[in-house]
Amino acid sequence: EWFPCYKTFICGYAECYRYVQKCQKDNLLFREFVEWAESQDAMRRQSLLDALANPMQRLTRYRLLLKTILKNTVGVTKRDTIQKMILQTEIAARDVEKTLAKNDLQNKLIEILKTIENYEVIDCKEFEKIFSTKFHVPLADPMPYCVGEPQFRRVYLRDNLKMRDGKNRTKINVHCILFTDLFLICKVSNKRYGRLRILKSPIHITKMFIQRFPDHSNFVIAPINDFGMPLALYYFSTTSIEDTQKWVDMIDTARKDFYHLKHHKYKLAVLISNDHSLSSLVSTVLKRLSKSFTNLHFASKSLEYLDQPICIVDSNQAFRDHRCYYQQ
């Protein structure tokens, strides 16, 4: 119950830090208040900005404190209780780390979105007028086709290239961005401020062919539709053979990573406190679980069965006296 507040705090820490810095610089009264607050004994000679980092260090300290208590605890019941507390603390810390990593990814995607001025593939205003729907570029949204919890894309590679579209012999300067699940072809509209316009429809990483030229100097990408038919031919020129190889390798890496996320499996381990109810529990679990959960395992009264549990689900209402531990 206590660790969700840590996720909220840590995800907003960077913005809070910048806000405090700005207020100290621009607001005289706020600066005087902070100076007074920092002079109090409760601050222990810490600055306000340093004190903001304290909650992020507590998750690790909780686990270390509980392990120290466990070493000096006797009695099976008490030791089991502390072990469960240690397990919950470790799960909470991993969950916070995972949330923070996703938050960082989203922030980076939002920063990229801020640089994109327009989607030039179609007339967006005409589209919105005809279909009465607001158009937006969903870069910061979770990736489609991924089963389970939301997965967010990350940037693998971006660079300026020269591109020739099919039979058109004229080469144009483009800025390409490779994400986990898509390849984006943009045009620089304002070099000074790094503003971009999307020139071609985003290409899904699983819906494209890529081939190097025989001399390995350049490469060509062919997006394909759901019927396996090519939609276009884009010829890309790089500055060196090494750059061409880097693009080919990173596209292959992104494709493999996407397939790994797409086909990610989940394991469910169930701690049974009453073995004679196993048959009814199996029936209840299978009815409640989605098809994305596989590899159902059972263990009797043992927490050591789980190598790296991710989160604990309170299932008292669903499974009576049983506890479920989800493991990725």
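Residues numbered from 1 in each chain as written. Predicted model: local features only at pLDDT ≥ 70, side-chain atom pairs only at ≥ 80, totals over all residues. Heavy atoms only, no water.

Colleague: Summarise the side chain of R164; cite the residues concerned and give the values.
Modeller: Along the chain, R164 falls in strand 2 (residues 155–165). A distance of 2.9 Å separates a polar side-chain atom of R164 from the backbone oxygen of G166. Once residues within four sequence positions are removed from consideration, R164 is found in contact with R169, T170, K171, L233, Y234 and Y235. (Helix = DSSP H or I, 4+ residues; strand = E, 2+ residues; numbered from the N terminus. Polar contact = N/O pair within 3.5 Å; in protein donor to acceptor, adjacent residues only side chain to side chain. Contact = heavy atoms within 4.5 Å.)

Colleague: A description of the confidence of the model for the chain should follow, citing residues and the corresponding values.
Modeller: Averaged over all residues, the pLDDT of the chain equals 80, while 79% of them reach at least 70. Contacts of residues 265–278 to residues separated by more than four positions or lying in other chains number 59 contacts, the stretch itself having pLDDT below 50. The model gives residues 289–328 a pLDDT under 50, and that stretch makes 107 contacts with residues more than four places away or in other chains. (pLDDT = per-residue confidence, 0-100.)

Colleague: Describe in detail the packing of helix 5 (residues 54–71) against helix 6 (residues 76–115), supporting the description with residues and values.
Modeller: Running from N to C, helix 5 and helix 6 point in directions that differ by 165°, and their axes come no closer than 9 Å. Of the possible angle classes, the one that applies to helix 5 and helix 6 is roughly antiparallel. Crossing angle aside, the handedness with which helix 5 passes helix 6 is left-handed. On helix 6, the residues that touch L59, Y62, R63, L66, K67, I69 and L70 of helix 5 are R79, I82, Q83, M85, I86, T89, E90, A93 and V96. (Axes fitted to C-alpha atoms, helices over the stretch in contact; angles between N-to-C directions. Parallel < 35°, antiparallel > 145°, perpendicular 65-115°, else oblique. Left-handed = near helix turned anticlockwise from the far one by under 90°.)

Colleague: Can you break down the pattern of salt bridges residue by residue, with the values?
Modeller: Applying the stated criterion across every chain yields a total of 14 salt bridges. The partner of K114 in a salt bridge is E111, and the shortest N-O contact between them spans 3.3 Å. You can see K114 and its partner E111 sitting in helix 6, three residues apart, about one turn around the helix. Its relative accessible area of 45% is what places E111 among the partly exposed residues. Taken together, the shared-partner salt bridges connect E117, E120, K187, R195 and R197 into one network. (Salt bridge = Lys/Arg side-chain N within 4 Å of Asp/Glu carboxyl O. Buried < 20%, exposed > 50% of the residue type's maximum accessible area, 1.4 Å probe, protein only.)

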